Amino acid sequence: MAEYYLELKGVSKSFPGVKALDDVSLAVRPGTVHALMGENGAGKSTLMKCLFGIYKMDEGEVLIEGEAVNINSPDEAMKHGVAMVHQELQPVLPRSVAENMYLGRFPTKSIGPLKMIDHKKMNEDTSYWLNEVGMDFNPKTILSDLSIGQMQIIEIAKAVSHDAKVIIFDEPTSSLSDKEVEVLFKIMNDLRDRGVAMIYISHKMDEIKRIADEITIMRDGRYVGTWKAAEITTEDIITKMVGRELTNIYPAHPDTPGDVVLECKNLTSINEHSFKDCSFKIRKGEIVGFGGLVGAQRTELMEAVFGMRNIKSGEVFVNGKKVDTHTPRKAMNAGLGLITEDRRGNGILGCLSIKDNVGVSVYDKNLKGAIVLDHKNINGIVNNSIEQLRIKTPSMNTAIASLSGGNQQKVIIARWLANNPDILIMDEPTRGIDVGAKHEIYEIMVRLAQQGKAIVMISSEMPELLGMADRVYIMCNGYIRGEISDPAELTQERVMKYATMF
C-alpha cells in the first residue's frame, strides 16, 4: 500500500478578481483523519471542491494510490472512491430520508419491459446504512420533519454508503448536538480502523485535537505546513492560521446596560411542542446570551419574537410600549433585526451580489420618485459597510456565494446594520466561522453594544456564551429554566445544570 492514499500536488484555482488557491499540495495517509485548517477564505473548501470535481482546477494534479486521475465531476469523484459531506446542506425537503440517500442512484427492478424504482430495497438499504452510523430514523420519514443536525447525520450515512476510500468532512459538526458529535466520532474511528482516509475541515479546536492524526494549515490560498496533531499546540495552530497572535479571542467590554429596550412576557407557541411561558428582558448596551442544548427551542422563541412563528399567547414590549410583531415587517418597524442560524438556507440571497444582499433592507428608503432607486446613496451605504466590517471582496458587485462563510456572515450583519435596528438577535452568529473571523464578529458585537444596541446571542458553543454574554438565559424543553447575571456564577457547570433541568 502506498504511503499516501490521496495526494494533491500544485493545485491553483482563480475566480474573477481573486486567486483562491496558489500552488497548494496535500497528502493523506490511509486509515487517518487529516485535519485541514485555516481562516474562512483560506481556500480549504475550494481545494476540496477541486478534489470532488465541483470546480475544475487551473493547475495541479490528483493522485490516488500513486496513480494520476482526472476528476471532472462529483460522479467521477465517487467512482474513484471519493465522497464528500458538505457544510451547506442541499436536501430535497419534501422527499423521504431514503429518497435523499439514494438521489441519482435509485435501485431499480424490472417489471416486464419497464424499470421501476425498487422502494423496498431502497428503504432496507437505507435502514442498514443508518444503523451503521448509529441512527434509527424511519427511512420513509419526510426530510422536512427532521432537524438540521439530523439531516447532517443522514448526509454522513450517505457518504458511508458509497463505500468510499476517501471521505471529506466539511464542517460536519456545525449543526450537531454533543451526542450527535460523539456518534460522528465513533463512525470516523470505525472508518479509520477500516483504512479509510478522511479529510476533516473544522474550526473547533477541541474536536481537531480529539480526532485528527495530522493537521495541514492553509492561509490566503497557500499551503503553510503539515504537522502531527499531537505535536502542535492550539496556540500554534491559531498563530499559523491567522498569521498573528490572538491573545484573547473574546474582546473585553464594559457591562454598563441602560434601560430595558425589549421585554417579552409569557410567550407561548401555537405549537404545543415548542416554547412555553417564556419571559425575559433585554437592556440597551448589553449582550444577552441564550443557552441550552439542541432542541431547547431557543431559535423558535426568537423567530416568534421576530414574527416568523405564530404565538398562542404572550406580549412583546419595545421601550416600554406594547408592539405587534406578528410579521417580520412589523418586527423590523418596531426596531428588531434577526440574523438566522441557517446562513445558506434563509440568510444570504445566494444568486445576488453583495450590494443587493446589503441594500435589500433599505431599498424602500432609497427611492427617487416611486420606482427609481438612489444607487449613489445605496453604493455609499454598501461600501461603508465593506470598509467598517472589513469584508474581503474585490467589489460590492461580487456575488455573495463566492465569499467565505465569515465574509457572508459580515454581509448579513451589514444588511441589518443598514436598517439601524435597536435590538439585534444573532442566532449562532459564528457557526462555521474560523477563529480569526470569530474575533472580528465579536468585536462588531461589542462595538454595537457600546453604541447602545441590545444584542441577543443564541449560541451552542459554551466558551462563546461564557466569553461574550453579560447575562445568560438558559432554556430546556421549551422553557426558560434559569437566568445567570452574576459573572462569578456564569460557569459551564451552572449553565449545564439549567440546560438539563427537565
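Residues numbered from 1 in each chain as written. Predicted model: local features only at pLDDT ≥ 70, side-chain atom pairs only at ≥ 80, totals over all residues. Heavy atoms only, no water.

Asker: So what exactly am I meant to see when it comes to the overall build of the protein here?
Answerer: When helices and strands are tallied, the protein shows 17 helices and 24 strands. Relative to the compact-globule value of 23 Å for 502 residues, the protein shows a C-alpha radius of gyration of 24 Å, a close match. Dimensions of the protein, computed from C-alpha atoms along their principal axes, come out at roughly 70 × 55 × 50 Å. Within the span of the protein, comprising 502 residues, buried residues form 53% of the whole. (Helix = DSSP H or I, 4+ residues; strand = E, 2+ residues; numbered from the N terminus. Rg over C-alpha atoms; globule rule 2.2 N^0.38 Å. Buried < 20%, exposed > 50% of the residue type's maximum accessible area, 1.4 Å probe, protein only.)

Asker: Explain the side chain of Asp 118 to me, please; I cannot follow it from the model alone.
Answerer: With respect to the helices and strands, Asp 118 occurs in the loop between strand S8 (114–117) and helix H4 (119–132). Among buried Asp, Glu, Lys and Arg side chains, Asp 118 stands out as unpaired, with Lys 109 the closest opposite charge at 4.5 Å. Every residue in contact with Asp 118, bar those within four places of it in the chain, is listed here: Pro 107, Thr 108 and Lys 109. (Lys, Arg positive; Asp, Glu negative; His and termini not counted. Salt bridge = Lys/Arg side-chain N within 4 Å of Asp/Glu carboxyl O. Contact = heavy atoms within 4.5 Å.)

Asker: Would you explain the pairing of strand S4 (residues 59–64) in this entry?
Answerer: As a general feature of sheets, a regular strand has side chains that alternate between the two faces. As judged from the five bridges shared by strand S1 (residues 6–15) and S4, these two strands associate in the antiparallel manner. Counterpart to Ser 12 in the pairing with S4 is Glu 59. Here S4 runs beside strand S5 (residues 67–69); their pairing, made up of three bridges, is antiparallel. In the strand pairing of S5, Ile 64 is matched with Glu 67. The hairpin turn running from S4 into S5, its antiparallel successor, is two residues long, and Glu 65 in that turn takes a positive phi close to 50°. (Pairing = 2+ DSSP bridges.)

Asker: Would you mind going over the packing of aromatic side chains with me for this structure?
Answerer: The way to describe two aromatic rings as a pair is by their centre distance and the angle between their planes. Counted according to the given criterion, the structure contains nine aromatic pairs. Each ring, one from Phe 15 and one from Tyr 55, has its centre 5.1 Å from the other, and the planes form 70°; the classification is edge-to-face. With a gap of 40 residues between them, Phe 15 in strand S1 and Tyr 55 in the loop between helix H1 (44–51) and S4 connect regions that are remote in the sequence. Among the residues examined, Phe 15 registers a relative accessible area of 27% and is labelled partly exposed. Ring centres of Phe 306 and Trp 416 lie 5.6 Å apart, and the angle between their planes is 85°; this geometry places the pair in the edge-to-face category. On the criterion of sequence distance, the pair formed by Phe 306 in the loop between helix H9 (298–305) and strand S16 (311–318) and Trp 416 in helix H14 (residues 405–418) is long-range, its members being 110 residues apart. The exposure class of Trp 416 is buried, given its relative accessible area of 8%. Every member of this aromatic cluster is reached through a ring pair, and the members are Phe 169, Phe 185 and Tyr 200. Here the basic side chain of Arg 105 rests over the ring of Tyr 102, its NZ or CZ set 4.5 Å away from the ring centre. (Phe/Tyr/Trp six-rings, centres within 6.5 Å; stacked < 30°, edge-to-face > 60°. Lys NZ or Arg CZ within 6 Å of the ring centre and 35° of its normal.)

Asker: How should unusual backbone geometry be read in this particular structure?
Answerer: It is generally the case that most residues other than glycine have a negative phi and that most peptide bonds are trans. Phi angles above zero are rare outside glycine, and Asp 163 is one such case at about 55°. Position of Asp 163 relative to the elements: it lies in the loop between helix H5 (148–161) and strand S9 (166–170).

Asker: Hey, could you run me through a nonpolar patch on the surface in this one?
Answerer: There is a patch of nonpolar side chains on the surface, built from Val 92, Leu 103, Phe 106 and Ile 117 and spanning about 280 Å² of accessible area. Along the chain, the position of Ile 117 falls in strand S8. On the basis of relative accessibility, which here comes to 33%, the residue Ile 117 falls in the partly exposed class. (Patch = residues over 30% accessible without salt bridge, like charges linked within 9 Å, V, L, I, M, F, W, Y side chains within 5 Å. Areas by Shrake-Rupley, 256 points an atom, 1.4 Å probe, with all protein chains shown as cover.)

Asker: Sorry, what's going on with the nonpolar core here?
Answerer: The tendency in soluble globular proteins is for nonpolar side chains to be buried side by side. Counting residues in each nonpolar core, the largest one holds 124 residues, and the members touching the most others are Ile 167, Phe 169, Ile 215, Phe 280 and Phe 290. For Phe 290, the residues in contact, after removing those within four places along its chain, are Phe 280, Arg 298, Leu 301, Met 302, Val 456, Met 457, Ile 458, Ser 459, Leu 465, Tyr 473, Met 475 and Ile 480. Among the nonpolar cores identified, the runner-up in size contains 29 residues, and Leu 51, Ile 64, Ile 71 and Met 218 belong to it. (Core = buried A, V, L, I, M, F, W, Y, C linked by side-chain atoms within 4.5 Å.)

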